[in-house]
Amino acid sequence: MLNFTAKSKSFENFAKKYFYFTTLCLIASCFLFVQSCKAQSHNPREKIKFDFDWKFYKGNVEGGEKTNLDDSGWRQLDIPHDWSIEGPFSKEWASGTGYLPGGIGWYRKSFKLDNKYKNKKVVILFDGVYMNSDVWINGHHLGKYPYGYSSFYYDLTGKLHFDGQENVLVVRVDHEKFADSRWYTGSGIYRHVWLITTENVHVPVWGTFITTPKVSETEAKVLIITEVTNDSDTGQEVKIETSIRDAQNKVVATTGNPKEIAINATTEIVQRATIQKPKLWSTENPYLYTAVTKIKKDGQILDEYITTFGVRTFKFDADKGFFLNGKNMKVKGVCLHHDAGCLGAAVPDRAREKRLQICKELGANAIRTSHNPPAPELLDLCDKMGFLVIDEVFDEWEGAKNKWIEGRNHGKPAHWGYNEYFKKWAIKDLQAMIKRDRNHPCIILWSIGNEIDFPNDPYSHPVDDNYDQKRPNAERLKVVAEKLSKAVKEMDTTRPVTAAIANAPASNATGYADVLDVAGYNYQEKYYEADHKKYPKRIIMGSENGDSYKAWLAVKNNDYISSQFLWTAIDYLGEAGPWPNRSYAFGIVDYTNTLKPNGQWRKSLWSDEPMAYLVTEVKLGKDKNARRLIMPSWTLPRSKGTETTVICYSNCQKVELFLNGKSMGEKNLKEASHIDYRWAVPYEPGELKAVGKNDGKVVSEAVLRTAGEASKIRLEADRNIIKADRQDISYISVSVTDSNDTVV
């Protein structure tokens, strides 16, 4: 037994050593395999977020671009950054931009680059700088970009330091002429910045264009146009391979071909692929594919460029409206400005997502980017969340609009703005937007302008009631529109060109409306019927509209009107009245991201989700024309028994109202006025409850309770976990409640 035990222990030790050895061998093999896979799939392209650890100084600085400038006393911050929102609000600034300051600001970022980037191509990409930005790298002036909404980039290659030496990137922003817009713009580097490194043979920024010219249930033909640039000192024989992957990252189609790329040249590569049984992108199911384009030489990957796209078809019909994937639908849109209240123009990505979630809850399925190219992240979210988009570029052309200083339509306006740059920069800015954005399936229209034809602001025409011969001749509208439309078609023929018309008679008389593939009408519902008859081939859509029921019926009851875009989705800074107003507060969502009562009413019209929402109508004064206040409250300054109008916004077939458990009656849709339910109720403190029913079943409820004395402060986070990335946010809503948690 002793010998047996000793032998057993010896065997056991051997077995343990063998196990450890084989395990180590297996781990080593796996490691080598993974490294081998990484080597095979390594992407030489890097896109580095360049948002952190900048230095900032507000004010002019002599020699601010010099590398040896002492900036140790400058403020350190991260971007996106908007110095205007930091204030102060003051009457000395302009009402158009919310009584917030402009000025001059300097940004500096010092950084070191690893030697591995020494022989690489290096580009700096700015998603948006407002405005008149000058950029330097290590004292070299890279260029000036006036328009504050355009994305732009510069080549840093050959101007960088390595071997542990610091590089200094400097940006000067000139927004001294702060009254340059009709709404709040912000000031500074208010969108993301990216450092992009590639090999000398690479796909340039925004270098792919993917379309789906033929789509059916069985297959989708995909056309891929890829630019390949060769910045090396010899011609390059390369192979361009593109694989299309579905949402699960499974390869569903491939294509590839060799190509000779000449020295210092950019060549367009045209590839075609077929996706079998494609999943179509729609507002209900926003399905996305990715195209992975690889440039290879002798089996080595020189570049890998990823493009997200969707497979879908759409069309506008002059008689029947809009079709997505062959399905006729109404476009329920909202206009959305780029600021986010107290965040100003430096809007975190999560804030954009939150705002779109609210629009989705509302029942909206479309966004108009009023009135400028949006942040790229907004379009990414619209792709993922299922919003159609009108991508808009300008609010003014060569003529200056009124930029109000003392209050909207009050006092003497300024006339400085993008018009100063239009002649030189308009085509460049327009085509830059299209090239950047054209792979987004969400985009269905390119808008070349907003209310350029507004009567006497700046153009005038004899058909106008108050025709002013001293103002620019409106005949220029057609001439300029033709140039802009041509520029669009040079970049993309798959989407129609539109513009938001504010003066249909003048635009018809000048031929401006005829230049457009789709004529957008702003608040011009009264011309729908007559213009549809007079111009039977014209496609007419509502591009900006009020939120009245009559305006909605003009869309709902007319097949040839495809859309409505409400002005506006969310309250925004600027276009303010006289001091101390700060904003245009006619949104259906307020700055706390809360649907206002008219937003809840709109939800009852647009949303398919059963809903009910209670408000009371309070008359302010005894006169029959006294203003009526609609408020979601049952804590009213009135005596018991006073007749009170109670309104329920609901899309349910029937709604029954209860006051302290007693039924006040049931009403159905036929009895509803303007799709809301109304009761005259004798006021009695307590609980007011609405019960919405479909087919006899309770599907929605709404409750208002009379509040007692303020007792608590309640804080609620919209998300309990956020990323520790110095950019993510959570919205904290603060409510004052009584002892029973009823909001005071």
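Read on for a plain summary of the structure. Because the structure is predicted, anything quoted here is derived from the model rather than measured. Numbers given for residues are sequential positions, taken from 1 along each chain in its written order. For a predicted model such as this one, the threshold for reporting local features is a pLDDT of at least 70, and the threshold for listing and counting side-chain atom pairs is 80 or more; totals across whole chains, interfaces and linings nevertheless cover every residue. Values reported for side chains reflect all heavy atoms of the structure, with hydrogen atoms and water molecules removed beforehand.

### With respect to the sheet that holds strand β10 (residues 193-198)
Stage number 1. Strand order in the open sheet formed by four strands is β1-β10-β5-β8, with antiparallel pairing between adjacent strands. Only two strands of the sheet have a single partner each, and these edge strands are β1 (46-49) and β8 (152-155). Strand-to-strand, the axes of this sheet are offset by a mean angle of 20°, without reference to chain direction.
Stage number 2. In this scheme, strands are said to pair when DSSP sees at least two bridges between them. To qualify as a helix, a DSSP run of H or I must reach at least 4 residues; to qualify as a strand, a run of E must reach at least 2; elements of each kind are numbered from the N terminus. In terms of strand pairing, strand β5 (residues 121-126) meets β8 through four bridges, oriented antiparallel. To get an axis, fit a line to the C-alpha atoms, keeping to the stretch in contact for a helix; angles then go from 0 to 180 degrees between the N-to-C directions.

### As for the environment of Leu302
Stage number 1. Examined against the element boundaries, Leu302 turns out to sit in strand β18 (residues 300-309).
Stage number 2. For every residue, the accessible area obtained with a 1.4 Å probe (protein chains only) is divided by the maximum for its type, and the residue is called buried under 20%, exposed over 50%, and partly exposed between those limits. When its relative accessible area of 12% is taken as the criterion, Leu302 is described as buried.
Stage number 3. Along the backbone, Leu302 and Trp404 are 102 residues apart, and their C-alpha atoms lie at a distance of 53 Å.
Stage number 4. With sequence-adjacent residues up to four places away left out, Leu302 is seen in contact with Pro44, Glu199, Val201, Val238, Ile295, Lys296 and Lys297. When checking whether two residues touch, look at their non-hydrogen atoms; a contact exists if any pair is within 4.5 Å.

### Here's the deal with the nonpolar core
Stage number 1. We define the nonpolar core as a collection of buried residues of types Ala, Val, Leu, Ile, Met, Phe, Trp, Tyr and Cys that are connected through side-chain atoms lying within 4.5 Å of one another. Formed by 134 residues in total, the largest nonpolar core has its most connected members in Tyr107, Phe126, Phe394 and Trp397.
Stage number 2. Excluding its chain neighbours within four sequence positions, the residues that come into contact with Trp397 are Asn419, Phe422, Ile448, Gly449, Ile452, Tyr459, Leu477, Val480, Ala481, Leu484 and Tyr512.
Stage number 3. Ranked by size, the runner-up nonpolar core spans 20 residues in total, among them Val646, Cys648, Tyr677 and Leu688.

### Examining helix α2 (residues 349-362)
Stage number 1. In this analysis, the expected span of each helix is defined as 1.5 Å times one less than the number of residues it contains. Across its 14 residues, α2 extends 20 Å between first and last C-alpha, which sits within 8% of the 20 Å expected from 1.5 Å per residue.
Stage number 2. For α2, every residue scored as buried is listed here: Arg350, Ala351, Arg352, Lys354, Arg355, Leu356, Ile358, Cys359 and Leu362.
Stage number 3. Close packing links the buried residues of α2 with β22 (331-336), β23 (366-369), α3 (376-385) and α10 (597-606).
Stage number 4. Once α2 ends, the next one or two residues include Gly363, with phi positive near 105°.

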